[in-house]
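# Close look at the chain arrangement
Residue strings, one per chain:
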Amino acid sequence: MFASKCWLLLSIPLISIALKSNADGAVGVYPVRPQVPAVGGYEGVGEVFSVGSAVKGLLPGDWVIPSPPSSGTWQTYVVKDQSVWHKINKESPMEYAATITVNPLTALRMLEDFITLNPGDAIVQNGATSIVGQCIIQLARYRGIHSINIIRDRAGSDEAKEKLKNLGADEVFTESQLEVKNVKGLLTNLPEPALGFNCVGGNAASLVLKFLRQSGTMVTYGGMSKKPITVSTSSFIFKDLSLRGFWLQKWMSSDKANECRPMIDYLLDRAREGKLKYEMELVPFNDFHTALDKALGKLGSQPKQVLTF
């Protein structure tokens, strides 16, 4: 039936909807696209249904996820080589197993890849209500690292602040609260952050830069405002700030990609312990049109959409 004896046939009970956008935040122009016709889906968790004769270490009934993530999870069954799949603990919450390999892994890598953070240090970020932002708060908290968080001015901002503080955020500010000469004067008993994260651009990125200490680093991983990052000359000359970028897919294609599976296990361990959580909505696959509309923001602010088969 198959050319290779190392294949696995999977039944996929749960997948996530992940809408890719480029650095300008425009859906549909992501720099990597599968050749069409193509099956959608990038994350998911599957149960092994059958294995080839040469497969070792995997049995029917085991749970696996594609690692690194790969296109084609929007289907009931899939057949691929054993090397594509990573076996996970079946006690992992299924909805987290289906969504762990992009946003949470991005948060973990950014906390670890740019500077050495020690307990008692602080980070600052905009876009704090995003899934990546929520994961940064919790993973930082788990390691004893403080977080300063910036959110948009919008209806329900007080509720958003409370939600983030319940996740472990030390400080949460709306952008308008930071329209002061000295934003660092707003910090109470927190050190100046050495590392900042930007997924918005424009003024929100400038606010992250204002918080950074001497020789601090800002990492940009998105640009949802579609506005450029503007940096003052003094920020480079007198503060010696560094600007970096992070794209998980590029990291996955490097030699570090082999490290991702233990990291996924680490993240799933935190999810099982209740130390890593984010809001999700499970949606029957027959309702995928509604889930797509929610993921696109057509129905207002919505939790992450996870399709079930």
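From a predicted model like this one, the values you see are computed outputs, not experimental measurements.

### Describing the environment of Lys-80
Examined against the element boundaries, Lys-80 turns out to sit in strand E4 (residues 77-81). A relative accessible area of 25% means that Lys-80 is categorised as partly exposed. Here the alpha-carbon distance between Lys-80 and Pro-66, two residues 14 residues apart in the chain, equals 9.7 Å.

### Brief notes about unusual backbone geometry
A negative phi holds for most residues other than glycine; trans holds for most peptide bonds. That bond from Val-36 to Pro-37 is cis: its omega, 0°, falls within 30 degrees of zero. Relative to the elements of secondary structure, Pro-37 occurs in the loop between strand E1 (7-16) and strand E2 (44-51). Here Ser-215, not a glycine, exhibits a phi torsion of approximately 65°, which is positive. Within the secondary structure, Ser-215 is located in the loop between helix H5 (202-211) and strand E10 (217-220). Under the relative-accessibility criterion, Ser-215 is labelled partly exposed at 41%. One non-glycine residue with positive phi stands out, namely Lys-226, at about 65°.

### Some remarks on the pairing of strand E9 (residues 195-198)
Each regular strand carries side chains that alternate between the two faces of the sheet. Neither face of E9 is left uncovered, since the one carrying Leu-195 and Phe-197 and the one carrying Gly-196 and Asn-198 both have all their residues buried. When strand E6 (residues 122-125) meets E9, the two strands line up parallel, connected through three bridges. Along E9, the bridge assignment pairs Gln-125 with Phe-197. Strand direction decides the pairing type here: E9 and E10, joined by four bridges, are parallel. Considered in E10, the bridge of Asn-198 is made with Thr-220. For the handedness criterion, the β-α-β arrangement of E9, H5 and E10 is classed as right-handed.

### Re the side chain of Ser-92
Mapped onto the elements of the fold, Ser-92 is located in the loop between strand E5 (85-88) and helix H1 (94-97). According to the relative accessible area criterion, Ser-92 is buried, its value standing at 3%. Reaching out from Ser-92, the side chain makes a polar contact with the side chain of Arg-272 at a distance of 3.1 Å. Residue contacts for Ser-92: discarding those within four places in its chain leaves Trp-63, Leu-268 and Arg-272.

### Structural notes on the packing of aromatic side chains
Applying the stated criterion across every chain, the model contains five aromatic pairs. Seen in terms of ring centroids, Tyr-142 and Tyr-266 are 6.4 Å apart; in terms of plane orientation they differ by 80°. Their pairing is edge-to-face. Of this pair, Tyr-142 sits in helix H3 (residues 131-142) while Tyr-266 sits in helix H8 (residues 260-273), and the two are 124 residues apart along the sequence. Judged by its relative accessible area of 39%, Tyr-142 falls in the partly exposed class. Since its relative accessible area comes to 22%, Tyr-266 is described here as partly exposed. Their ring planes at 20° and their centres at 6.2 Å tell us that Phe-173 and Phe-211 sit as a pair that is stacked. Of this pair, Phe-173 sits in strand E8 (residues 171-174) while Phe-211 sits in helix H5; the two residues are 38 residues apart in sequence, bridging distant segments of the chain. Residue classification places Phe-173 among the buried positions, given a relative accessible area of 7%. Residue Phe-211 is classed as buried on the basis of its relative accessible area of 0%. One residue, Arg-270, lies across the ring of Tyr-266, its end atom 4.6 Å from the ring centre.

Rules of the game
The numbers attached to residues start from 1 for each chain and follow its sequence in the written order. For this predicted model, a pLDDT threshold of at least 70 governs which residues receive local features, and a threshold of 80 or more governs which side-chain atom pairs are given and counted, while totals over whole chains, interfaces and linings are taken from all residues. Each side-chain value is derived from all of the structure's non-hydrogen atoms; neither hydrogens nor water enter the calculation. Each helix is a run of DSSP H or I of at least 4 residues and each strand a run of E of at least 2, with the numbering of both proceeding from the N terminus. When accessible area is computed with a 1.4 Å probe and restricted to protein chains, residues below 20% of their type maximum are described as buried, those above 50% as exposed, and intermediate ones as partly exposed. Strand pairing follows a simple DSSP-based rule, namely that at least 2 bridges must link the two strands. When the strands point away from the viewer and the connection leading from the first strand across the helix to the second strand turns clockwise, the crossover is called right-handed. The term polar contact refers here to a pair of N or O atoms within 3.5 Å; inside protein, the definition further demands a hydrogen-donor-capable atom paired with an acceptor-capable atom, and it admits residues adjacent in sequence only when both atoms are side-chain atoms. In what follows, residue pairs with any heavy atoms lying within 4.5 Å of each other are defined as contacts. Working definition: a ring pair exists when centres of Phe, Tyr or Trp rings (six-membered ring for Trp) sit within 6.5 Å. Plane angles under 30 degrees give stacked, over 60 give edge-to-face, the rest tilted. The criterion is that NZ of a Lys, or CZ of an Arg, lies within 6 Å of the ring centre and within 35 degrees of the ring normal, and then a charge sits over that ring.

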